[in-house]
Amino acid sequence: MIYPKGFDELRPFLARREIILVGDVATDPEIQEQIISAAILYLNAVSSESITLFVDSCGGSGDTAQNISDNIKNSAAPVYGVVTGVAYSAAFAVIQACHRRMAYPNAKLMFHGGSLTIRVDNIIDAKIVSEDTVRLGRKQIDELRKRISYHQKEISGIAERSGQPLKLIKKWWKEERIFTAPEAKEFGFIDEIVKKPI
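Keep in mind that this is a model prediction, so the values were computed, not measured. (Residues numbered from 1 in each chain as written. Predicted model: local features only at pLDDT ≥ 70, side-chain atom pairs only at ≥ 80, totals over all residues. Heavy atoms only, no water.)

J.: An account of the overall build of the protein is needed here, citing residue identities and associated values.
T.: Within the protein one finds 7 helices and 7 strands. Its helices and strands taken in sequence order, the protein reads α-β-α-β-α-β-α-β-β-α-α-β-α-β from the N to the C terminus. For the protein, the proportion of its 198 residues judged to be buried stands at 42%. Counting only contacts in the protein whose residues sit at least 6 apart along the sequence, the fraction spanning at least 24 positions is 70%. (Helix = DSSP H or I, 4+ residues; strand = E, 2+ residues; numbered from the N terminus. Buried < 20%, exposed > 50% of the residue type's maximum accessible area, 1.4 Å probe, protein only. Contact = heavy atoms within 4.5 Å.)

J.: Can you lay out the layout of surface pockets for me, pointing to particular residues and giving the numbers?
T.: Put simply, the largest pocket is a space of about 360 Å³. Lining the largest pocket are 22 residues, and of these G62, D63, R147, Y150 and H151 sit closest to its centre. Elements with a minimum of two residues in the lining of the largest pocket: helix 3 (62–73), helix 4 (90–97) and helix 5 (131–162). The greatest single-element share of the lining of the largest pocket, amounting to 8 residues, is contributed by helix 5. Considered class by class, the residues forming the lining of the largest pocket number 5 nonpolar, 11 polar and 6 charged. For the second largest pocket, the calculated volume is near 290 Å³. Along the walls of the second largest pocket sit 13 residues, with K73, A93, Q96, E154 and G157 positioned nearest its centre. Of all the secondary structure elements, the ones that give two or more residues to the lining of the second largest pocket are helix 3, helix 4 and helix 5. Among the elements that make up the lining of the second largest pocket, the one with the highest residue count is helix 5 (6 residues). (1 Å grid on protein atoms, 1.4 Å probe; cavity = no way out; pocket = protein on both sides within 12 Å on 5 of 7 lines; lining within 4 Å. Points joined across faces, edges and corners; volume = space filled by probe spheres on them. Nonpolar A, V, L, I, M, F, W, Y, C, P; charged D, E, K, R; others polar.)

J.: Account for the pairing of strand 2 (residues 51–57), with residues named and values stated.
T.: Taken across its 7 residues, strand 2 has 6 buried, putting it largely inside the fold. Relative to strand 2, strand 1 (residues 18–22) runs parallel, the two sharing 5 bridges. Pairing of V22 across the sheet is with D56, part of strand 2. Bridging between strand 2 and strand 3 (residues 79–88) involves 6 bridges; their strand directions are parallel. If you follow T52 over to strand 3, its bridge partner there is Y80. (Pairing = 2+ DSSP bridges.)

J.: Go over helix 3 with me, naming the residues and quoting the values.
T.: Two residues of an α-helix separated by three or four positions point the same way, owing to the 3.6 residues in each turn. Look at helix 3: 16 Å from first C-alpha to last across 12 residues, which is about the 16 Å you get at 1.5 Å a residue. Within the sequence span of helix 3, burial applies to T64, A65, I68, S69 and I72. Buried residues in helix 3, looked at end-on, bunch into an arc of 135°, giving them a common side. (Expected span 1.5 Å × (residues − 1). Arc of directions from axis to C-beta.)

J.: Explain helix 6 (residues 166–175) to me, using residue names and the numbers behind them.
T.: Restricting attention to buried positions, one finds in helix 6 the residues I169, W172 and W173. Projected down its long axis, helix 6 shows its buried positions confined to an angular sector of 110°, all on one face. Exposed and oriented more than 90 degrees from the buried face of helix 6 are K167 and K174.

J.: Give me the lowdown on unusual backbone geometry, citing residues and values where you can.
T.: Phi angles above zero are rare outside glycine, and R17 is one such case at about 60°. Structurally, the position occupied by R17 is in the loop between helix 1 (11–15) and strand 1. Of note in the backbone geometry, E176 takes a positive phi value of approximately 55° without being a glycine. Examined against the element boundaries, E176 turns out to sit in the loop between helix 6 and strand 6 (178–180).

J.: Which residues make up the packing of helix 3 against helix 4, and what values do they have?
T.: At a closest axis distance of 8 Å, the pairing of helix 3 and helix 4 adopts a crossing angle of 10°. Between helix 3 and helix 4, the crossing angle belongs to the class labelled roughly parallel. Contacts between helix 3 and helix 4 involve A65, I68, S69, I72 and K73 from the former and A90, A93, V94 and A97 from the latter. (Axes fitted to C-alpha atoms, helices over the stretch in contact; angles between N-to-C directions. Parallel < 35°, antiparallel > 145°, perpendicular 65-115°, else oblique.)

Here it is, written out as structure tokens:
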């Protein structure tokens, strides 16, 4: 079997059914996504015992977080997420996908609306608008619609799982509020605070 680059470094952790997500989720999103996805699939093939995902990340690519989250949600083995430092932005989304969400006592969590940026430079020439330009514009509008839909689902999912009113989640979403581990537990963003690895 061929594993993604960097997979071998995880083998000591995989032997304990542990995966680590540290640093920027977008440093090399394809590699990171492939490693974590491969690790989840590999561990599911070995057994259905729980998997622990340790997270300490300021966030990164929303697309990568979405793909990692899909793998977590579809894992036959329950994935327990543990925030060891911070879980901001995209890392927050990954933790929310976990079957059981935990954090160390001094951990912090934050979620926000993310970027909905469309590149428009070099698309429109004042004199010439080609058919390709119109297609490119439509493609970007479709991408924007997909991202808006994803963000709306994410906000609703956070509200539903936490038990907090949607209006309050939207307020915090805009504020980019940082939550301490006790606050995150109080508001339903994690299930428990742990003092040592499970």
